[in-house]
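Here is how the chains run, residue by residue.
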Amino acid sequence: MNWAFRSAVNILPLSKDQKSLSLALTEWVYTGEMYDLEAPNETCQLCDHPNIRYQFNIRNAHNHNELLVGSECINKFEIRAVDESGALLNVIESRRKVNRDKRHLVSEASKKRLINALVELLKKDEEFEIENFINYVQDRGAFTPLQLSILVWRLNEKGIRHNPADFTLIMRRNREKDQLRAMPDWKIRKIWDYLSSPQKEWVIGNTRFKL
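Residues numbered from 1 in each chain as written. Predicted model: local features only at pLDDT ≥ 70, side-chain atom pairs only at ≥ 80, totals over all residues. Heavy atoms only, no water.

Our focus in this paragraph is the overall build of the protein. Check the secondary structure of the protein and you find nine helices and four strands. N-terminal to C-terminal, the α/β element order of the protein is α-α-β-β-β-α-β-α-α-α-α-α-α. Relative to the compact-globule value of 17 Å for 211 residues, the protein shows a C-alpha radius of gyration of 23 Å, a clear excess of over 25%. In terms of overall dimensions, the protein has C-alpha extents of about 70 × 35 × 35 Å along its principal axes. In the protein, the proportion of contacts linking residues at least 24 apart, taken out of those at least 6 apart, comes to 54%. Summing over all exposed atoms, the protein offers an accessible surface of approximately 12,500 Å²; the carbon and sulfur share of this is 49%. (Helix = DSSP H or I, 4+ residues; strand = E, 2+ residues; numbered from the N terminus. Rg over C-alpha atoms; globule rule 2.2 N^0.38 Å. Contact = heavy atoms within 4.5 Å. Areas by Shrake-Rupley, 256 points an atom, 1.4 Å probe, with all protein chains shown as cover.)

It is a general feature of regular strands that their side chains alternate between the two faces of the sheet. Sheet analysis places strand β1 (residues 28-36) next to strand β2 (residues 54-60), joined by six bridges and oriented antiparallel. The residue of β2 that forms the bridge with Val29 is Arg59. Relative to strand β4 (residues 80-81), β1 runs parallel, the two being bridged by two bridges. Its bridge partner lying in β4, Tyr30 is registered against Ala81. (Pairing = 2+ DSSP bridges.)

What follows is about empty space enclosed by the protein. Scanning the entire structure with this criterion turns up one cavity of 30 Å³ or more. As a volume, the largest cavity reaches approximately 30 Å³. What lines the largest cavity is simply Ile74, Asn75, Glu78, Ile79, Val91, Ser94 and Arg95. Taken together, the elements giving at least two residues each to the lining of the largest cavity come down to α3 (71-76) and α4 (91-124). At three residues, α4 tops the list of elements feeding residues into the lining of the largest cavity. (1 Å grid on protein atoms, 1.4 Å probe; cavity = no way out; pocket = protein on both sides within 12 Å on 5 of 7 lines; lining within 4 Å. Points joined across faces, edges and corners; volume = space filled by probe spheres on them.)

Right, dumping it as structure tokens:
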């Protein structure tokens, strides 16, 4: 059973047009409602694709039936979205909205994992003044090189599992760049996996650090 057939089986009974998949799909819109399930354990209600973590709500414009689907289905079937005022977007704008909304969900999930790791650190290291780090990252969305170096040291010392991709380094100002220039090689190696590719290139080109 291919994805088109599965999708027809799922959506036609819920649509006004119950004979043509292509016509039935035009009845549905992406509402802008989206959910992070925090684990890939759901199935797309349109195409039956498993391991869905991020769900997006689509609604039938005629009968208000709803389905929770993956973002790929919305783009693949060219299901149109509505904006904040309820106006129907075209296919290109709809695709942009879906992709933007998914990036938002992924970003929020990353922030949540980061904060959870910091809270776990606080539980295991009560003397560590973690609140300042939490407030800083909530305000600026990233850490300075010195902050990141300290956090990585404490997290690893306390054996707290975390994902380096959730940590963002800020180095827009000279002060932050000077912090990296002043770091010994062993400290930079400790935070190397937390840097983005452009940041790694900058470090190699602007400091004495050697891989």
